[in-house]
Amino acid sequence: MDILIKNGHLIDPAASVDAVADILVKDGVIAGVGTGIQEEAQKIIDASGKVVLPGLVDMHVHLREPGREDKETVATGTKAAVKGGVTSVLAMPNTTPAIDSPEHLRMFQDIVRKTASSHVFAAAAITKGRAGAELTDFAALKAEGALAVTDDGSSVDDDGLMEEAFRLAKKCGLLVICHCEDKRLSQKGVINLGLMSTELGLRGIPKEAEYRRVERDLSLAAKTGCPVHIAHVSCRESVDLIAAAKKRGQPVTAETAPHYLIFTDEALETYDPNFKMNPPLRTKADRDALRQAVKDGVIDTVASDHAPHTESEKDIEFDHAEFGVTGLETECAGLASEFIASDQMTWMELARLLSSAPAKILGIDKGKLEAGRCADIVVVDPGREWVVTKAGFASKSNNSPFLGRKLKGAVECTICAGKIAYTSKKNFS
Amino acid sequence: MNMSRNPSWERKDLLGLKELSAEEISLVLSTAESFKEVIGRPIKKVPALRGKTIVNLFYEPSTRTRISFEIAAKRLSADVINIATETSSVRKGETLIDTGRNIEALKVDMIVMRHSYSGAAVMLARHVGASVVNAGDGWHEHPTQALLDIFTLKEKLGRIEGIHVAIVGDIAHSRVARSDIWGLTKLGARVTVCAPSMLIPPCIGEMGVSVTHDLQEALAEADAVNVLRMQFERDSGDAFPQQLEYFKNFGITEERLKKAKKNIIVMHPGPINRGIEMSSEVADGANSVILEQVTNGIAVRMAVLFLVSQAAENRKTRRTKSAKTESQVIAPGSLIGTPANSLLGKPVNT
């Protein structure tokens, strides 16, 4: 189907385009970008007053399939993605079984082929069963299409094994994504260690649990020359370490999540399990350091760490509630209402953070609005306000910290590989 | 602090002292004064909560708090049901919310809950329409214990504002310490916490207290010392001092009290470990108000049950009456003077 998007405000950080123009989509690719395109198209989208971005790329998503289809499936998770304007996700390998062999990766890719509404890229596990004991077959996983390796959800504790992983990943051309957490320090903690954990009588997770592991992983990566990506950065000390490594010229990239940029541990006042995640929400000083790091480019991208859980795993005693929150459907709108509405961020910066930067980190041909590219496009109404409700989610799970909040900026239409994957209105034309 | 004109209790629940204003705390204390008079009578019962049903839902073994709540409810003529259950099966059995909803379906008006996890009462209150009174949740809060501590202090010292209270013991794992800190500091008392450093939680100074690891320093200016129960059998994997070492440095003994203010008040939430956190001589000595605390606990819990129940009644009245009608606020103590009072033969003025 041919689609003509007319008079939208195009934002393309890759080509520094920031102007009103039309986009023509033909046969799944962008056929033309320019003003006053006169073409017969089956579908014409009037995007005047709207912002048109390259489809978003979220490099930290838990789709839960195979193994925990009660929380999410590839089908529901990618429906949630396109509803949030995300056309490419990097699926984390901590499924059951873990994506730790070419067979498991093929099985996963088969599910993706049959059920996904967005592009799905795969990260494979660093160690078999994510047990931290034996490396997976990096070369074979790379050959099957894995873009990165990570034991996300846990960190590889064995320094020697981790060094070997970096060495091998470098050789195979795989990105290593690090979940930085020293379990000996985080132990049974459930929120940030500090005033809030004291007031609430909850076990705390010290920041050292994160940044000491960031320090180790940066130093092992530097030793081996392997590119490293630090996932879900939550505290100021980690930011400082990453900034110093970048200054030294080390190939390092980093991500944080919208919740670390928007909320602090004070949100835990009511023991709402939708603010319980790992790493935990930290203090205002950490949040401000993260905001600055995003501005300075120390943090390259924002990813949701979309972590769906069922209500019966969340609505229980706080200590037992699962870590993690959903985020695919709220990341764009959440950042827009928090930062663009208050003039702290431009749409260009948002597009870079959520689209072109992660595409570059993963080495995928995404995050661009150029003729000849795969047509992954999102149309956002920057002025429309909406309230986040349980009923509104496409995800199977509702564990969002944004529940009940009014957001400004709504995804109107998402085009993935030239097909309309989501529209906010039934007869959007 | 302005206590003039109709202080009223509007809360559905009592979950902790952090969320209460000084006025609300003072209202509980003054209401408890009226009830203390009631429990001193030969016939100790008033009809304030007649027809109401209260469930004591205890997920953690507790004899004294449960009995204190039970007696308080019975003195108010409420029907009381006790449910004792184990938290060890919390993940396998019925969820807390399901249990709460089932209890509510039995048309229960109020749930008094003790739970070993912090935040459990807050969560239950969010999911049930019945009033929830927190009888202690994990390390978080134990509001009625702090209210009875403050009630006892006020009775003994005549005021809370400006007094100096030392809290000694396992502050990190103590819900009593946290509730005491909130309540006392809101009413203008100075609070010092004292323990070995491993039992002092981070940032506690930001809650408005002084911190010391020197017991003698803590006692030096204190008008009262609240001695927390030490649980050396704790199996949490957290760092913990040696028992003998602890008594040597932090145990309250007569020797140590000699160097404190002469009339220093010694409190303990019970049950006492004699020879661990305090010596027997101190526990039974002239400065100890430990048994008075137990008695005051009934009056304070009657006040809490009464105020919370009254607020629920007021909400119902407000819902059913037209917007024009003033909501019915019953002054504390006035119910003690209702017709049933004439049966008791002694009207009470507050």
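Residues numbered from 1 in each chain as written. Chains lettered and ligands numbered in written order. Predicted model: local features only at pLDDT ≥ 70, side-chain atom pairs only at ≥ 80, totals over all residues.

### Let's talk about the overall build of chain A
So, point 1. Helices and strands together make up the secondary structure of chain A, namely 13 helices and 18 strands.
So, point 2. By the compact-globule yardstick of 22 Å for 429 residues, chain A fits well, its C-alpha radius of gyration being 21 Å.
So, point 3. Projected onto its principal axes, the C-alpha coordinates of chain A cover approximately 65 × 50 × 45 Å.
So, point 4. For chain A, buried positions account for 60% of its 429 residues.
So, point 5. Across chain A, contacts joining residues at least 24 apart in sequence account for 75% of those joining residues at least 6 apart. (Helix = DSSP H or I, 4+ residues; strand = E, 2+ residues; numbered from the N terminus. Rg over C-alpha atoms; globule rule 2.2 N^0.38 Å. Buried ≥ 20, exposed ≤ 12 C-beta atoms within 10 Å, placed from the backbone. Contact = placed C-beta atoms within 7 Å.)

### Quick word on the overall build of chain B
So, point 1. From N to C terminus, chain B includes twelve helices and nine strands.
So, point 2. Counting across all 350 residues of chain B, residues that qualify as buried make up 47%.
So, point 3. Residue pairs in contact within chain B that sit at least 24 positions apart in sequence constitute 73% of those at least 6 positions apart.

### Some thoughts on the domain arrangement of chain B
All names here are of chain B.
So, point 1. Here chain B is described as being made up of domain 1 (22-141 + 296-344) and domain 2 (143-293).
So, point 2. Listed per partner, the contact involves 19 residues of domain 1 and 20 residues of domain 2.
So, point 3. For the side of domain 1 that touches domain 2, the secondary structure elements donating two or more residues are helix H1 (22-39), strand E4 (131-137) and helix H11 (290-320). (Domains from an automatic or database assignment.)

### With respect to the packing of helix H3 (residues 96-105) of chain B against helix H4 (residues 120-127) of chain B
Residue and element names in this part refer to chain B.
So, point 1. Two numbers describe how H3 lies on H4: the axes approach to 9 Å, and their chain directions differ by 50°. One finds that H3 runs oblique with respect to H4. Relative to H4, the crossing made by H3 is right-handed. Contacts from Leu96, Ile97, Gly100 and Arg101 of H3 reach H4 at Ala120, Met123, Leu124 and His127.
So, point 2. In the contact of H3 with H4, the residues fall into five nonpolar, two polar and one charged. (Axes fitted to C-alpha atoms, helices over the stretch in contact; angles between N-to-C directions. Parallel < 35°, antiparallel > 145°, perpendicular 65-115°, else oblique. Left-handed = near helix turned anticlockwise from the far one by under 90°. Nonpolar A, V, L, I, M, F, W, Y, C, P; charged D, E, K, R; others polar.)

### Some words on H4 of chain B
Residue and element names in this part refer to chain B.
So, point 1. Counting buried positions along H4 gives six out of eight residues, so the element sits mostly inside the fold.
So, point 2. Within the sequence span of H4, burial applies to Ala120, Ala121, Val122, Met123, Leu124 and Ala125.
So, point 3. Where H4 is buried, its residues contact H3, strand E3 (110-115) and E4.

### Let's talk about the pairing of strand E1 (residues 3-12) of chain A
All names here are of chain A.
So, point 1. Burial analysis of E1 places seven of its ten residues in the buried class, the great majority of the element.
So, point 2. Bridge analysis of E1 against strand E2 (residues 17-26) gives eight bridges, and the strand direction is antiparallel. The residue bridging His9 from the neighbouring strand is Val20, located in E2.
So, point 3. Looking at chain direction, E1 and strand E4 (residues 43-46) are connected through four bridges and run parallel. Directly across from Ile5, in E4, lies its bridge partner Ile45.
So, point 4. Here E1 runs beside strand E5 (residues 51-54); their pairing, made up of two bridges, is parallel. When the bridges of E5 are listed, His9 appears paired with Val51. (Pairing = 2+ DSSP bridges.)

### What about the sheet that holds strand E10 (residues 175-178) of chain A?
Residue and element names in this part refer to chain A.
So, point 1. Pairing within the open sheet is parallel, and its eight strands lie in the order E6-E7-E8-E9-E10-E13-E14-E15. One side of each edge strand has no neighbouring strand; the edge strands of this open sheet are strand E6 (56-61) and strand E15 (301-302).
So, point 2. For strand E9 (residues 148-149) and E10, the ladder comprises two bridges, and the chain directions are parallel. Looking at the pairing, Val149 lines up with Val176 of E10.
So, point 3. Contacting E6, strand E7 (86-91), strand E8 (119-124), E10, strand E13 (228-230), strand E14 (252-256) and E15, helix H13 (residues 347-362) crosses the sheet at an angle of about 65° to E6.

### A look at the pairing of strand E16 (residues 377-387) of chain A
So, point 1. Pairing analysis gives four bridges linking E5 of chain A to E16 of chain A, with the strands arranged antiparallel. What sits directly across from Val51 of chain A, in E16 of chain A, is Val380 of chain A.

### Here we look at the environment of Ala130 of chain B
Residue and element names in this part refer to chain B.
So, point 1. Along the chain, Ala130 falls in the loop between H4 and E4.
So, point 2. Sequence separation between Ala130 and Ile111 is 19 residues; the distance between their C-alpha atoms is 6.8 Å.
So, point 3. If near-sequence neighbours (up to four positions away) are discounted, Ala130 is found in contact with Glu104, Val108, Asp109, Met110 and Ile111.

### Brief notes about the sheet that holds strand E8 (residues 224-227) of chain B
Residues and elements named next belong to chain B.
So, point 1. Pairing in this open sheet of five strands is parallel, and the strands run E7-E6-E5-E8-E9 from one edge to the other. Two strands bound the open sheet, and with one partner strand each, they are strand E7 (210-212) and strand E9 (265-267). Looking at each pair of strands side by side, their axes are set apart by 20° on average, direction ignored.
So, point 2. With five bridges joining them, strand E5 (residues 164-168) and strand E6 (residues 190-194) adopt parallel strand pairing. Each residue of the ladder has a partner; that of His164, found in E6, is Arg190.
So, point 3. Of the strands in this sheet, E5, E6 and E8 are in contact with helix H6 (residues 175-186), which crosses E6 at around 160°.

### With respect to the interface of chain B and chain A
So, point 1. Contacts between chain B and chain A engage 23 residues on the former and 18 residues on the latter.
So, point 2. Residue contributions to the side of chain B that touches chain A peak at three residues, all from H4 of chain B.
So, point 3. Among the residues making up the side of chain B that touches chain A, the classes are represented as 13 nonpolar, five polar and five charged.

### What about unusual backbone geometry?
Trans is the common state for peptide bonds, and a negative phi is the common state for residues other than glycine.
Residue and element names in this part refer to chain A.
So, point 1. Residue Glu65 is joined to Pro66 through a cis peptide bond whose omega torsion reads 5°.
So, point 2. Looking at the element boundaries, Pro66 is found in the loop between E6 and helix H1 (74-83).
So, point 3. A cis amide bond, omega 0°, links Thr96 with the succeeding residue Pro97.
So, point 4. If you trace the backbone, Pro97 turns up in the loop between E7 and helix H2 (102-115).
So, point 5. Of note in this structure, Ser16 is not a glycine but carries a positive phi near 50°.
So, point 6. The topology assignment puts Ser16 in the loop between E1 and E2.
So, point 7. Given 8 C-beta atoms within 10 Å, Ser16 falls into the exposed group.
So, point 8. At Tyr271, a residue that is not glycine, the phi angle is positive and equals roughly 60°.
So, point 9. Summarising the element assignment, Tyr271 is placed in the loop between helix H9 (258-262) and helix H10 (284-296).

### Overview of the nonpolar core
So, point 1. In this structure, Ala123, Val149 and Val176 of chain A together with Ile111, Val168 and Leu305 of chain B are the most contacted members of the largest nonpolar core, which totals 244 residues.
So, point 2. Here the element with the most residues in this core is H11 of chain B; it accounts for eleven residues.
So, point 3. With residues near it in sequence (within four places) discarded, Ala123 of chain A still touches Leu90, Ala91, Met92, Pro93, Ala146, Leu147, Ala148, Val149, Thr150 and Ile177 of chain A. (Core = buried A, V, L, I, M, F, W, Y, C linked by C-beta atoms within 7 Å.)

### What about the environment of Trp347 of chain A?
All names here are of chain A.
So, point 1. As for its placement among the helices and strands, Trp347 is situated in helix H13.
So, point 2. Given 20 C-beta atoms within a 10 Å radius, Trp347 is considered buried.
So, point 3. Each C-alpha atom of the pair Trp347 and Leu53 lies 8.5 Å from the other, and the pair is 294 residues apart in sequence.

### What about the packing of helix H7 (residues 208-224) of chain A against helix H8 (residues 236-247) of chain A?
Residue and element names in this part refer to chain A.
So, point 1. The geometry of H7 relative to H8 is characterised by a closest axis approach of 8 Å and an angle of 15° between their N-to-C directions. When the interaxial angle is binned, H7 and H8 end up roughly parallel. When you trace H7 past H8, the crossing you get is right-handed. In this structure, H7 contributes Glu210, Tyr211, Val214, Glu215 and Leu218 to the contact, and H8 contributes Glu237, Ser238, Leu241 and Ala245.
So, point 2. Its residues assigned to classes, the contact of H7 with H8 comprises five nonpolar, one polar and three charged.

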